[in-house]
Amino acid sequence: SAGSQKYPYYQLRGDGNGSNKFFTLQTDYENQLTESTKFEAGARAAIRDFSTNNMQYINDNTNSNGFVLSPRSSSRYKFNDQVFAAYATYSFKYKKFSYQLGLRAESSNYTGNLLTLAGADSSTFKVNFPISLFPSAFVTYKLNDKQDLQLNYSRRVNRPNFFQLLPVYDFTDPQNPSVGNPGLKPEFTNSLEVSYSNNYKKNSNFLATAYFKYSTNLITRYIFKDVNKNIQAGQSTTDSLYYTSNINANNSYTYGLELTNKFPVTKWWDLTLNLNLYNSQINATIPGQSIDNSIVSWFAKVNNTFKLAKGLSLQVSGDAR
């Protein structure tokens with residue numbers, strides 16, 4: 001209230017280094033059995049090794065040594081990620097129908113080690129999925145030369161990225177710190193889509209898609225309260241901050257309708273309009289409460305392409321959410 005600083009001025013310095021090693025082995029097989037049938041298969045092994053050292057130093061002008069190590073916000077972390085997969089697809093046509101049926105089997109293992117500053121293991125994180133199956137089916141019905149209907153189903157996996165897993169406190173913005181969650185699991189999504197496509201005139205196409213997606217272990221942002229791990233001189237060790245991280249929600253689902261129309265307005269102006277209207281719901285369990293949130297949202301985009309001269313064009317786009 002007197003206009004004075006609550007805490008001494010301080011500087012934060014981060015020294016980091018790391019390494020990563022990728023090993024990938026992949027083989028694919030394709031056989032055009034007949035003019036209207038095809039068989040494909042393959043296998044893939046991907047192994048990744050990551051290691052990172054993140055040392056945070058604070059200079060709060062209260063000691064003669066300048067920058068001193070902040071052990072609560074410094075870390076050394078390494079992890080190994082292994083994914084083994086095999087797939088097979090069979091495509092064929094029958095009269096006005098086209099089919100593609102597929103199945104992928106996948107096994108994954110993740111092991112992370114949070115090391116002490118001296119280099120010894122302090123905690124270990126493991127996420128293992130012995131085997132998961134990912135079926136897919138695509139069916140297309142050709143109404144005529146310009147129109148077709150398509151029904152799609154697929155099951156997919158989305159794995160957490162390096163920064164989402166990294167258990168390092170980031171105080172680059174001291175008021176909005178963040179930290180990774182090494183216990184994150186991959187999220188699995190079942191998708192069902194029904195589409196109608198119409199090439200109603202030259203260089204024009206209208207596409208309407210109704211879709212439904214159901215996800216388990218959805219990776220979602222999570223804000224929580226914890227003690228301040230970036231203690232400065234004069235601050236209480238019980239001071240707290242709100243940290244941004246990620247967790248796995250129990251499940252979520254989204255359903256909606258997307259409309260896209262691309263057409264030439266003139267010889268030198270092409271226009272694409274897109275509207276996506278959907279409802280999404282997320283169900284999660286966090287300490288102290290269960291979350292059940294849903295919202296209806298929409299997204300619209302306009303894209304203009306102007307042909308100014310041969311080999312030269314200008315694109316102007318806008319979107320609203």
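In every chain, residue numbers begin from 1 and rise along the written sequence. Where totals are concerned, whole chains, interfaces and linings use all residues; where local detail is concerned, this predicted model gives features only for residues with pLDDT of at least 70, and gives and counts side-chain atom pairs only at 80 or more. Excluded from the side-chain calculations are hydrogens and water; all other atoms, namely the structure's heavy atoms, are used.

Colleague: What am I meant to see in the overall build of the chain here?
Modeller: The helix and strand tally for the chain stands at one helix and 15 strands. Its C-alpha atoms give the chain a radius of gyration of 26 Å, more than 25% over the compact-globule value 20 Å for 321 residues. If one aligns the C-alpha atoms of the chain with their principal axes, the spans along those axes are about 80 × 50 × 45 Å. In the chain, buried positions account for 33% of the 321 residues. When contacts within the chain are restricted to residue pairs at least 6 apart in sequence, long-range pairs at least 24 apart make up 60% of them. Only the protein chains shown count as cover for residues, and the accessible areas themselves come from Shrake-Rupley with a 1.4 Å probe. Carbon together with sulfur atoms contributes 54% to the accessible area of the chain, which is approximately 19,700 Å² in total. Positive: Lys, Arg. Negative: Asp, Glu. His and the chain ends are not part of the count. Positions of charges follow a simple convention, taking NZ of Lys, CZ of Arg, CG of Asp or CD of Glu. Side-chain charges of the chain comprise 32 positive and 22 negative groups, with the mean position of each set lying 5 Å from the other. Helix and strand assignments come from DSSP, with helices taken as H or I runs of at least 4 residues and strands as E runs of at least 2, each series counted from the N terminus. Here the radius of gyration uses the C-alpha set of atoms, whereas the globule reference equals 2.2 Å times the residue count to the power 0.38. For the exposure calls, accessible area comes from a 1.4 Å probe over protein chains only, and a residue counts as buried if that area is under 20% of its type's maximum, exposed if over 50%, partly exposed in between. Here a residue-residue contact requires only that any non-hydrogen atoms of the pair lie within 4.5 Å.

Colleague: Would you mind showing me how to read a nonpolar patch on the surface here?
Modeller: Patch rule: a residue counts if its relative accessible area is over 30% and it has no salt bridge; like charges are joined within 9 Å, and nonpolar side chains (Val, Leu, Ile, Met, Phe, Trp, Tyr) within 5 Å. Criterion for a salt bridge: a side-chain nitrogen of Lys or Arg within 4 Å of a carboxyl oxygen of Asp or Glu. A cluster of nonpolar side chains, contributed by Leu151, Leu192, Val194, Phe212, Tyr214 and Tyr255, occupies part of the molecular surface with about 520 Å² of accessible area. Listed by contribution, the elements that provide at least two residues to the nonpolar patch are strand E8 (187-198) and strand E9 (205-216). Looking at the element boundaries, Val194 is found in strand E8.

Colleague: What exactly am I supposed to notice about the environment of Pro186 here?
Modeller: Mapped onto the elements, Pro186 comes out in the loop between helix H1 (162-165) and E8. Counting along the chain gives 78 residues from Pro186 to Ser108, while the straight-line C-alpha distance between them is 9.6 Å. Aside from chain neighbours lying at most four places away, what touches Pro186 is Val127, Phe129, Val157, Asn158, Arg159, Pro160 and Asn217.

Colleague: Please clarify how the side chain of Glu106 should be interpreted in this entry.
Modeller: Looking at the secondary structure, you find Glu106 in strand E5 (residues 97-115). With a relative accessible area of 8%, Glu106 lands in the buried category. Any N or O atom pair separated by 3.5 Å or less is treated as a polar contact, with the protein-specific requirement of one donor-capable and one acceptor-capable atom, and with residues adjacent in sequence counted only for side-chain atom pairs. A polar contact of 3.3 Å, which involves the side chain of Glu106, links it to the side chain of Arg104. If we ignore the near neighbours within four places in the chain, the residues touching Glu106 are Val83, Phe84, Ala85, Pro130, Ile131, Ser132, Phe134, Val157 and Arg159.

Colleague: Explanation requested: the pattern of salt bridges in the structure shown.
Modeller: Charged atoms that come close allow side chains of opposite charge to pair. Summed over the entire model, instances satisfying the criterion amount to six salt bridges. Across the pair Lys38 and Glu30 runs a salt bridge whose closest N-O atoms are separated by 3.9 Å. Of the residues examined, Lys38 reaches a relative accessible area of 22% and is grouped as partly exposed. Where Arg48 meets Asp81, a salt bridge forms, and the shortest distance between an N and an O atom there is 2.7 Å. Residue Arg48 is located in strand E2 (residues 37-59), and its partner Asp81 is located in strand E4 (residues 75-94); the two are separated by 33 residues in the primary sequence.

Colleague: What's the story with the packing of aromatic side chains in this structure? I'm lost.
Modeller: Aromatic ring pairs are described here by two measures, namely the spacing of the ring centres and the angle between the planes. Centre distance within 6.5 Å is the pairing criterion for rings of Phe, Tyr and Trp, where only the six-membered ring of Trp is used; planes under 30 degrees apart are then read as stacked, over 60 as edge-to-face, and the remainder as tilted. Tallied over the full model, the rule gives 25 aromatic pairs. Aromatic pair Tyr169 and Tyr243: ring centres 5.3 Å apart, planes at 75 degrees, arrangement edge-to-face. Remark: Tyr243 occurs in strand E11 (residues 240-248) and Tyr169 occurs in the loop between H1 and E8; sequence separation between them is 74 residues. Just as Tyr169 is buried, Tyr243 falls in that class too. Linked through ring pairs, Phe22, Phe50, Tyr77, Phe79, Tyr110, Phe125, Phe162 and Phe163 together constitute an aromatic cluster. Only Lys NZ and Arg CZ are tested; either one counts as a charge over a ring when it is within 6 Å of the ring centre and within 35 degrees of the ring normal. Against the face of Phe134 rests Arg104, its NZ or CZ located 4.4 Å from the ring centre. For Arg155, the ring lying beneath its charged end belongs to Phe134, and the centroid distance is 5.0 Å.

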